[in-house]
Amino acid sequence: PWILYWILHALNLLNAEPIDSYSNVIYTLNLLQNNGGGYSGGLDQLPHCAPTYASVLALCIVGTEESLSSINRSKLYKFFLLMKDSSGGFKMHHDGEVDCRGTYTVIAIARICNILTPELTDGVVDYLLRCQSFDGGFGGEPGNEGHGGYNFCALAALCILGKANDCDLSEQIHWLVHRQLKLEGGFQGRTNKLVDACYSFWQGSALAIIEIILNNNDDLIDLTNYLYIKNNTNSSSCTTNQSLDDDVNIPNSQRIKQVDDLDGDLLFNQLALQRYILHCGQQIENGGLRDKPGKPRDFYHSCYALSGLAIAQHSYLYNSNNINNNQTPLVYGDVDNLLKPTSAIYNISLDKLNFAINYFSKYSNKHDDIIN
């Protein structure tokens, strides 16, 4: 499921969806859906929260009623309840580890599938708050040092639950902004570590979530702003959504703004990050993205480097206070570097997220109704 998600999301951001393969994606993921709920990483394996997260997001990217109806919400909900731990967090699988990662995957997928009940969220906020480290970042478990991947998971889950302001936000911001390194321009995952292109998303998106928290703490604000721009722009003006979704023939000079060191709404240097991804993260010879020069390309880094690039380009979506005055992507280099915008919290493109949220909203989100 992870390889499917990484490839499908990357291609979706590039506006190059492999639509002819979508029926095979649905078929494959149906084989991995466990009879007791959730998805496995392979045939005859235990259901696991991580491949469940990847599977549902992949089906959301396919973005059809067939793909979303293949998800058994009732059994998925029962599986998530079984993974709930007395600490307030969630196990990754039966008898598995309890950490921020498992907790985020459950909360995020439950939110998309409209099964986020009080029974599921009881104790989750307190558990996540205990995972904030002395350094301001969130670790995988209480007592661990701050780590970019776990930090994103904790912050995103708290934002979904509307409780991100309950953490030490000033220390969180301090920790995050010091993860972008001045020389390279990319992000490191932990203190005293090297830059890695995958943290372009994990840390860059966390800073986009900070922008969301400081404004209105709405986990869908980027989607709301996206739809506002799409629905309130006439055919003679430029919007991100027209140029990406409708392939409108717009002059390059109107379509983007060349980014500089001072541009953007986010608390990091959006130019420097884009430069690192495009100059150091790309494997120019035969395509794909990588951790850093000297490392091989792979699907994981291709997905998350492109996701971070999209976050850096579309920072205007995370602040609704200035949305009427700022609707222009900030792009380093050629106009063809412009990607589709991605959700800061769920990391699928906003058009796909919109379809999924609308699809599942027609079902009840009451515990007894979902169980039955």
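Residues numbered from 1 in each chain as written. Predicted model: local features only at pLDDT ≥ 70, side-chain atom pairs only at ≥ 80, totals over all residues. Heavy atoms only, no water.

What am I meant to see in the overall build of the chain here?
The number of helices and strands found in the chain is 18 helices and 4 strands. A globule of 372 residues ought to have a C-alpha radius of gyration of about 21 Å, and the chain, at 20 Å, matches this closely. Based on the C-alpha atoms only, the size of the chain along its principal axes is roughly 55 × 45 × 40 Å. Across the 372 residues in the chain, those meeting the buried criterion constitute 58%. Taking as baseline every contact in the chain between residues at least 6 positions apart, the subset at least 24 positions apart corresponds to 69%. Only carbon and sulfur atoms are counted for the fraction: they give 48% of the accessible area of the chain, which is about 15100 Å². (Helix = DSSP H or I, 4+ residues; strand = E, 2+ residues; numbered from the N terminus. Rg over C-alpha atoms; globule rule 2.2 N^0.38 Å. Buried < 20%, exposed > 50% of the residue type's maximum accessible area, 1.4 Å probe, protein only. Contact = heavy atoms within 4.5 Å. Areas by Shrake-Rupley, 256 points an atom, 1.4 Å probe, with all protein chains shown as cover.)

So what exactly am I meant to see when it comes to helix α10 (residues 169-177) here?
One turn of the α-helix equals 3.6 residues, which is why residues spaced by three or four share an orientation. Restricting attention to buried positions, one finds in α10 the residues Leu169, Gln172, Ile173, Trp175 and Leu176. Taken end-on, α10 shows its buried residues confined to a sector of 165°, consistent with a single buried face. (Arc of directions from axis to C-beta.)

How do you make sense of the pattern of salt bridges when you look at a structure like this?
Two side chains bearing opposite charge may form a pair once their charged atoms approach each other closely. Overall, the coordinates contain 8 salt bridges when judged by the stated rule. Residues Asp291 and Lys292 are paired through a salt bridge, measuring 2.6 Å at the closest nitrogen-oxygen approach. Overall, Asp291 belongs to the buried group, its relative accessible area being 9%. Asp291 serves as the salt-bridge partner of Lys295, at 3.3 Å between the closest nitrogen and oxygen. Within the structure, one salt-bridge network assembled from shared partners comprises Glu97, Asp99 and Arg101. (Salt bridge = Lys/Arg side-chain N within 4 Å of Asp/Glu carboxyl O.)

Any chance you could explain the state of the cysteines here in plain terms?
Simply put, disulfide is the name for a covalent bond between the sulfur atoms of two cysteines. On inspection of all chains with the given rule, the structure shows 0 disulfides. Cysteine Cys159 is unpaired, with the sulfur of Cys167 as its nearest cysteine sulfur at 10 Å. Here Cys280 is not cross-linked by a disulfide; its sulfur's nearest cysteine counterpart is in Cys198, at 15 Å. (Disulfide = S-S within 2.5 Å.)

Explain the nonpolar core to me, please; I cannot follow it from the model alone.
Side chains of nonpolar character tend, in soluble globular proteins, to be buried together. One finds Tyr5, Phe80, Ile209 and Leu353 to be the most contacted residues of the largest nonpolar core, which totals 115 residues. Residue contributions to this core peak at 11 residues, all from helix α3 (residues 49-62). Look past the residues within four positions of Ile209 in its chain and what remains in contact with it is Phe152, Leu155, Ala156, Cys159, Ala344 and Ile345. (Core = buried A, V, L, I, M, F, W, Y, C linked by side-chain atoms within 4.5 Å.)

What am I meant to see in the side chain of Asp99 here?
Mapped onto the fold, Asp99 is located in strand β2 (residues 98-99). Here the side chain of Asp99 touches Arg101 through a polar contact of 3.1 Å, landing on its backbone nitrogen. Apart from the residues lying within four places of it in its own chain, the contact partners of Asp99 are Phe90, Met92, Tyr127, Gly140, Glu141 and Tyr150. (Polar contact = N/O pair within 3.5 Å; in protein donor to acceptor, adjacent residues only side chain to side chain.)

Help me out: how do you make sense of the side chain of Lys352 in this one?
With respect to the helices and strands, the residue Lys352 is situated in helix α17 (residues 350-360). The contact partners of Lys352, leaving out residues within four places of it in the chain, are Asn12, Glu17, Cys60, Ile61 and Val62.

What is the right way to read unusual backbone geometry from this model?
Most peptide bonds take the trans configuration, and most residues that are not glycine carry a negative phi. A positive phi angle, near 65°, is found at Asn192, a position not held by glycine. Inspection of the secondary structure assignment puts Asn192 in the loop between α10 and α11 (199-215). Among the residues examined, Asn192 registers a relative accessible area of 75% and is labelled exposed. One non-glycine residue with positive phi stands out, namely Asn217, at about 60°. Relative to the elements of secondary structure, Asn217 occurs in the loop between α11 and α12 (221-231).

How should I be thinking about a nonpolar patch on the surface in this particular structure?
A surface patch of nonpolar side chains, amounting to about 350 Å² of accessible area, comprises Tyr27, Leu31 and Leu43. Among the secondary structure elements, Tyr27 is positioned in helix α2 (residues 22-32). (Patch = residues over 30% accessible without salt bridge, like charges linked within 9 Å, V, L, I, M, F, W, Y side chains within 5 Å.)

It is not clear to me how the packing of aromatic side chains should be interpreted in this structure. Could you clarify?
Here the distance between the centres and the angle between the planes together describe a pair of aromatic rings. A complete count under the given rule lists 17 aromatic pairs for this structure. Summarising the aromatic geometry, the rings of Tyr359 and Phe360 are spaced 5.0 Å apart at their centres and angled 85° between planes, so their arrangement reads as edge-to-face. Phe360 gets classed as buried once you look at its relative accessible area, which sits at 1%. Ring pairing ties together the aromatic residues Trp2, Tyr5, Trp6, Tyr53, Tyr104, Phe152, Phe201, Trp202, Tyr300 and Tyr304, which thus form one cluster. (Phe/Tyr/Trp six-rings, centres within 6.5 Å; stacked < 30°, edge-to-face > 60°.)

Help me out: how do you make sense of helix α6 (residues 100-112) in this one?
The end-to-end C-alpha distance of α6 is 18 Å, a good match for the 18 Å that 13 residues give at a rise of 1.5 Å each. For α6, a buried count of 11 out of 13 residues is recorded, marking the element as mostly surrounded by other parts of the structure. Every buried residue belonging to α6 is among Cys100, Gly102, Thr103, Tyr104, Thr105, Val106, Ile107, Ala108, Ile109, Ala110 and Ile112, and all of these are buried. Asn114 occupies a position one or two residues after α6 and carries a positive phi of about 60°. (Expected span 1.5 Å × (residues − 1).)

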